[in-house]
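# Inside the fold
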Amino acid sequence: MPEVARNQARAVLEGPDIHRALTRIAHEILERTKGAENVVLLGIPTRGATLAYRLAERIAQFEGVKVPVGAIDITMYRDDLRLRPARPLGRTDLPPDGVDGRTVVLVDDVLYSGRTVRAALDALNDVGRPRAVQLATLVDRGHRELPIRADYVGKNLPTSKSEKVKVYLEETDGRDAVLLIKGDAR
Amino acid sequence: MKQHLISAADLTREDALLILDTAEELARVSERSIKKLPTLRGRTVVNLFFEDSTRTRISFEAAAKRLSADVINFSAKGSSVSKGESLKDTALTLEAMGADAVVIRHGASGAPHRLAGWVRGSVVNAGDGTHEHPTQALLDAFSMRRRLGRLEGLKVAIVGDVLHSRVARSNVALLHTLGAEVTLVAPPTLLPVAVDSWPCQVAYDLDAVLPKSDVVMMLRVQLERMNAAYFPSAREYSRRYGLDRDRFARLHDDAIVMHPGPMNRGMEISAEVADSARSTIVEQVGNGVTVRMAVLYLLLGGSEPAIGGTE
């Protein structure tokens, strides 16, 4: 990663930390939803979806419940589409029984402005009517621009707006890590 | 800046694959109960149709509406065109109305290209004369990939009135870009003069080509564009170049049959073949909406278009 090496990058979470954070979130979901009854985990592509599958694995391990898991792409619902060239779409993969009447736990890697989550709520609205929606995130880096908060947080990470948070996951990037990259003095 | 979709030949392999992959994701939207996406809210798409069309116009209209764009339909009949207004004046009128995209079908080859020089929005060619019909080629490639799982190395026979077919021209260009091998099959009178320079094979004997083909695309015999005797009689054409039950039986088991529509049943394709399970003709219509959604999204969805050629 030459790009990262050039800037000052600091690993704030390593593999084992991510592992422990996800384990705790899985336990919290079980606790808050009384054994993950009627829960559907929906990840926001790409890394949120990976995290959703990992959480489902852990929940199955701890209590033997098979929680339906899927992905919901939010590209077409973004409010900043017109600020950048049209981007490729991610995959939407809903569990066969859908989301109607269930508790949906949205999963994303980093919670920042809250705009992604707002888009996800809109997208969710078009695929069904969940009984409730909760939010799980690996990293909450603050600087919210909308009235949105996470129900399950892996790590609260105070950042400045000029910094970047980059999440690497084994499945997509070959290793597990969360890096905090100092911003250039732009 | 990339802005228009005038010709399938303008699309790079990356552009074409981006459109097909985007369409693949959008196909899932067509399966759910709420088929609308908010993406193009507030954008205006004008359908400018100087030639008759059912499926292409409706398909573009459905695609734009599913993306929440406002659609203005314009057909030459009953408009100022019948009072003698020129294409340029029509274009300037649309420009003044703030069209973000103009989808144009015109009888004259090159009309979309001219239009692109007059308007600020994106121009999408929905068929110009005997030149090109890029979205048809895209939806054909999409249908093939969905049915057969790949395009690379696929053997595609395009059969019939190649001379008058913008569909054939666009398909040859796009399929070549995507790595398929195209063979045109037609009587010599229905092949364009410059066909040697196209990136494809040419054959005159349909029966010899059929067993080697993965896809057989039948073209409509365009009687309305025929001002000379290109073949002795419809009956003879049908006997030598029509896809009937006997010829259909010569295809290998996984091969598919396509037709861009509208069909002349009994002429280039028999009703039995058109309605068989291996015909993608109805599927092609559904895929047309998804592929056109992908094109409109990639041209209009962002701050600047992600595909297409510069003019």
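The present account deals with the structure reproduced in this document. Note that the structure is a prediction, hence the values are computed from the model and not measured. (Residues numbered from 1 in each chain as written. Chains lettered and ligands numbered in written order. Predicted model: local features only at pLDDT ≥ 70, side-chain atom pairs only at ≥ 80, totals over all residues. Heavy atoms only, no water.)

## Things to note about helix α4 (residues 115-127) of chain A
Residue and element names in this part refer to chain A. Over its 13 residues, α4 extends 19 Å from the first C-alpha to the last, a length consistent with the 18 Å expected when each residue adds 1.5 Å. Listing the buried residues of α4 in full gives V117, A119, A120, A123, L124 and D126. Each buried residue of α4 sits inside an arc of 165° when the element is viewed along its axis, so together they form one side. Looking at the buried residues of α4, the elements they touch are β2 (39-43), β4 (103-111) and β5 (132-140). (Helix = DSSP H or I, 4+ residues; strand = E, 2+ residues; numbered from the N terminus. Expected span 1.5 Å × (residues − 1). Buried < 20%, exposed > 50% of the residue type's maximum accessible area, 1.4 Å probe, protein only. Arc of directions from axis to C-beta. Contact = heavy atoms within 4.5 Å.)

## Thoughts on empty space enclosed by the protein
All names here are of chain B. Here the structure, examined in full by the defined rule, presents two cavities of 30 Å³ or more. One number sums up the size of the largest cavity: a volume of about 100 Å³. Lining the largest cavity are R55, T56, S59, Q136, L139, H259, P260, I281, Q284, V285, G288 and R292. The set of elements that each furnish at least two residues to the lining of the largest cavity consists of α2 (55-66), α5 (134-148) and α11 (281-300). Of all the elements, α11 adds the most residues to the lining of the largest cavity, at five residues. For the lining of the largest cavity, the per-class residue count stands at four nonpolar, six polar and two charged. Both domain 1 (8-133 + 285-300) and domain 2 (134-280) contribute no fewer than three residues apiece to the lining of the largest cavity. Approximately 30 Å³ is the volume attributed to the second largest cavity. (1 Å grid on protein atoms, 1.4 Å probe; cavity = no way out; pocket = protein on both sides within 12 Å on 5 of 7 lines; lining within 4 Å. Points joined across faces, edges and corners; volume = space filled by probe spheres on them. Nonpolar A, V, L, I, M, F, W, Y, C, P; charged D, E, K, R; others polar. Domains from an automatic or database assignment.)

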